[in-house]
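Summary of structural features
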Amino acid sequence: MTVAPGRLEGKRVLITGGGSGINFAIAERFRAEGAAVSVADLNPDARAAVEGLGARFAPVDVADAAAVDAWVNEEADTLGGIDVTVAGAGYELVAKATDLTVEQWDRHMAVMLRGPFVTFKAALPHLIAAGGGSLIALGSNLSFAGLTGFTSYVPAKHGVIGLVRVLAIDYAEHNIRVNALCPGPTDTPLIRRQLVGVPNPEELLASWESDTVFNRLGRPEEVAAGAVFLASDESSFVTGSSLMVDGGYTAR
Ligand SMILES: NC(=O)c1ccc[n+]([C@@H]2O[C@H](COP(=O)([O-])OP(=O)(O)OC[C@H]3O[C@@H](n4cnc5c(N)ncnc54)[C@H](O)[C@@H]3O)[C@@H](O)[C@H]2O)c1
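The model shown is predicted, which means the values in this text are computed figures rather than measured ones.

1. Overview of the overall build of the chain
Along the chain, the regular secondary structure elements total nine helices and seven strands. In terms of overall size, the chain behaves like a compact globule, its C-alpha atoms giving a radius of gyration of 17 Å where 252 residues would be expected to give roughly 18 Å. Projecting the C-alpha coordinates of the chain onto the three principal axes gives extents of approximately 50 × 45 × 40 Å. Across the 252 residues in the chain, those meeting the buried criterion constitute 50%. Restricting to contacts in the chain with at least 6 residues of sequence separation, those with at least 24 account for 70%. Per element, the accessible surface of the chain, about 11,300 Å² overall, is 56% carbon and sulfur.

Here's what the structure looks like:
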């Protein structure tokens, strides 16, 4: 299917974690749809690829609330405002509770759950000033299911659903919509890293594929298509919701 470009013409967009994988695909698609895009990512090496899209780049750790605040305000100044913010930064951490340290838990929560909170908190005044907009948090199929060893990941992704619901209620009066975009197993560096050093990587990959009804991983651009919908005015009556782009994972 070909989609006419320009669905996000004139939108000013911030994306955290946009240096890789799903969020990079979102940045790429948003640029193709006419948006002005600013990316923050922990990995400074992502700069060249992001700038290659014609997007702006800043090295920011979303666990650092002051740094996020400064970045959001600076980008709002440069772009002339903010209409859309995607909170997508995240990483995998697999350890059963008895093996997970409290410090690992705290850091994971600071990135995966407090990260979207501080990002949206900083962006909200700019969306209010713009007369409305769209906030999108990266949830997961694991926002609605458990998985062995995902001791901090699963609670963080469940928490993201709660966060978007509350913000959707509280900021509707400002014409701000807040939604979760929930991928299933998607072929990105995050998922590939989990195959390194395990005894049977092919078996593990095959099990993730068979977790979807299509028996394959999703592609980052398939998730990005959902982000275009949530960012665009086509989703004007969609808020507080979770858009599952999970290949039917949660259908079972
Ligand atoms: N790949 C999947 O199967 C899958 C499934 C469901 C949800 N998700 C979610 O989608 C999002 C993107 O995942 P991905 O698979 O594209 O991963 P990825 O590793 O390819 O990309 C994640 C990006 O986030 C950045 N990042 C990590 N910690 C950060 C921090 N503290 N501050 C700023 N940037 C940081 C990384 O540098 C990286 O560029 C994550 O929130 C992830 O939990 C992924």
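Once you've had a look at it, read on.
2. Some remarks on the nonpolar core
Within the largest apolar cluster, 42 residues are counted, with the highest numbers of intra-cluster contacts made by Trp71, Val72, Phe120, Leu135 and Val178. Examining the composition of this core, we find that nine residues originate from one element, helix α6 (residues 153-171), more than from any other. In contact with Phe120, not counting residues within four places along its chain, are Thr85, Ala87, Leu135, Ile136, Ala137, Leu163 and Leu167. Val13, Ile22, Phe24 and Phe30 belong to the second largest nonpolar core, which has 28 residues in total.

3. Describing the sheet that holds strand β5 (residues 133-138)
With parallel pairing, seven strands are arranged side by side in an open sheet as β3-β2-β1-β4-β5-β6-β7. Across the chains shown, the open sheet's two edge strands, defined by having one partner strand only, are β3 (56-59) and β7 (242-245). Sheet twist, expressed as the average angle between the axes of neighbouring strands with direction ignored, equals 15°. Alignment of β5 against strand β6 (residues 176-183), held across six bridges, turns out to be parallel. Of the residues in β6, the one forming a bridge with Leu138 is Leu181. Across the sheet, helix α1 (residues 21-32) is in contact with β1 (12-16), β2 (36-41), β4 (84-87), β5 and β6; its angle to β1 comes to roughly 165°.

4. Remarks on the side chain of Lys157
Among the secondary structure elements, Lys157 is positioned in helix α6. Each residue touching Lys157, except ones within four places of it in the same chain, is listed here: Met112, Leu138, Gly139, Ser140, Leu142 and Ser143.

5. A word on the environment of Thr101
With respect to the helices, strands and loops of the structure, Thr101 is situated in the loop between β4 and α4 (102-112). In this structure, the C-alpha to C-alpha distance between Thr101 and Ile22, residues 79 residues apart in sequence, is 28 Å.

6. Focus: empty space enclosed by the protein
This structure, assessed with the given rule, holds one cavity of 30 Å³ or more. If you go around the largest cavity, the residues you meet are Ala87, Gly88, Ala89, Met112, Pro116, Leu138, Lys157 and Val160. Class assignment for the residues of the lining of the largest cavity results in six nonpolar, one polar and one charged.

7. A word on the packing of aromatic side chains
A complete count under the given rule lists one aromatic pair for this structure. When the centroid spacing of 5.3 Å and the interplanar angle of 80° are considered together, the rings of Phe150 and Tyr153 count as edge-to-face. Both residues of the pair, Phe150 and Tyr153, belong to the buried class.

8. Thoughts on the site of the ligand
Taken together, 32 residues lie near the ligand, and Ser20, Ile22, Asp41, Tyr153 and Thr188 sit nearest. At 3.0 Å from an oxygen atom of the ligand is found a side-chain nitrogen or oxygen belonging to Lys157. In isolation the ligand has 830 Å² of accessible area, and contact with the protein removes 94% of it. In a pocket analysis with a 2 Å cut-off to the grid points, the ligand is assigned to the largest pocket. Tallied by class, the residues present in the shell around the ligand amount to 14 nonpolar, 13 polar and five charged.

9. As for the packing of α4 against helix α5 (residues 114-129)
Where α4 meets α5, the axes come as close as 3 Å, and the angle between the chain directions of the two elements is 35°. Along its contact with α4, which presents Met109, Ala110, Val111 and Met112, the element α5 presents Arg114, Gly115 and Pro116. Among the residues forming the contact of α4 with α5, the class breakdown is five nonpolar, one polar and one charged.

10. With respect to the pairing of β5
The side chains of a regular strand alternate between the sheet's two faces. Counting buried residues along β5, six of its six residues qualify, which places the element largely inside the surrounding structure. A two-sided burial pattern is seen for β5, the buried positions comprising Gly133, Leu135 and Ala137 on one face and Ser134, Ile136 and Leu138 on the other. As paired strands, β4 and β5 are joined by four bridges and run parallel to one another. Of the residues in β5, the one forming a bridge with Ala87 is Ala137. Since β5 and β6 lie parallel, the crossover through α6 that links them has a hand, and here it is right-handed.

Reading the values: rules and limits
Per-chain numbering applies: the sequence of each chain, read as written, is numbered from 1 onward. The model is predicted, so local features are restricted to residues of pLDDT at least 70 and side-chain atom pairs to those at 80 or more, both for listing and for counting; the totals for chains, interfaces and linings are taken over all residues. With hydrogens and water excluded, all non-hydrogen atoms of the structure serve as input to the side-chain values. The helix count covers DSSP runs of H or I at least four residues long, the strand count covers runs of E at least two residues long, and both are numbered beginning at the N terminus. Atoms counted for the radius of gyration: C-alpha only. Globule rule: 2.2 Å times residue count to the power 0.38. Throughout this description, buried means an accessible area under 20% of the type-specific maximum (1.4 Å probe, protein chains only), exposed means over 50%, and partly exposed covers the range between. In this analysis, two residues are considered to be in contact whenever any of their non-hydrogen atoms come within 4.5 Å of each other. Residue-level accessible areas treat just the shown protein chains as cover; the underlying method is Shrake-Rupley with a 1.4 Å probe. Definition of nonpolar core: a set of buried residues of the types Ala, Val, Leu, Ile, Met, Phe, Trp, Tyr and Cys, connected through side-chain atoms within 4.5 Å. Strands were regarded as paired on the criterion that DSSP finds at least two bridges between them. Here the axes come from fitting lines to C-alpha atoms, over the contacting stretch only for helices, and the angles between their N-to-C directions go from 0 to 180 degrees. We place a 1 Å grid over just the protein atoms. Points where a 1.4 Å probe fits but has no way out form a cavity, open points with protein on both sides within 12 Å along at least 5 of 7 lines form a pocket, and any residue with an atom within 4 Å of a point lines it. Grid points are joined across faces, edges and corners, and a volume is the space filled by probe spheres set on the points. Each residue is assigned to one of three groups, with Ala, Val, Leu, Ile, Met, Phe, Trp, Tyr, Cys and Pro labelled nonpolar, Asp, Glu, Lys and Arg labelled charged, and all others, Gly among them, labelled polar. Stacked, edge-to-face and tilted are the three classes for Phe, Tyr and Trp ring pairs, Trp counted by its six-membered ring, which pair at centre distances within 6.5 Å; planes under 30 degrees apart are stacked, over 60 edge-to-face, the rest tilted. Here a residue counts as near a molecule or strand whenever at least one of its heavy atoms sits within 4 Å of it. Between N or O atoms, a polar contact is any pair within 3.5 Å; within protein, one atom must be a potential hydrogen donor and the other a potential acceptor, and residues adjacent in sequence are included only when both atoms are from side chains. In this scheme, a molecule is assigned to a cavity or pocket if more than half of its atoms are within 2 Å of the grid points. Clockwise travel from the first strand over the helix to the second, with the strands pointing away from the viewer, marks a crossover as right-handed.

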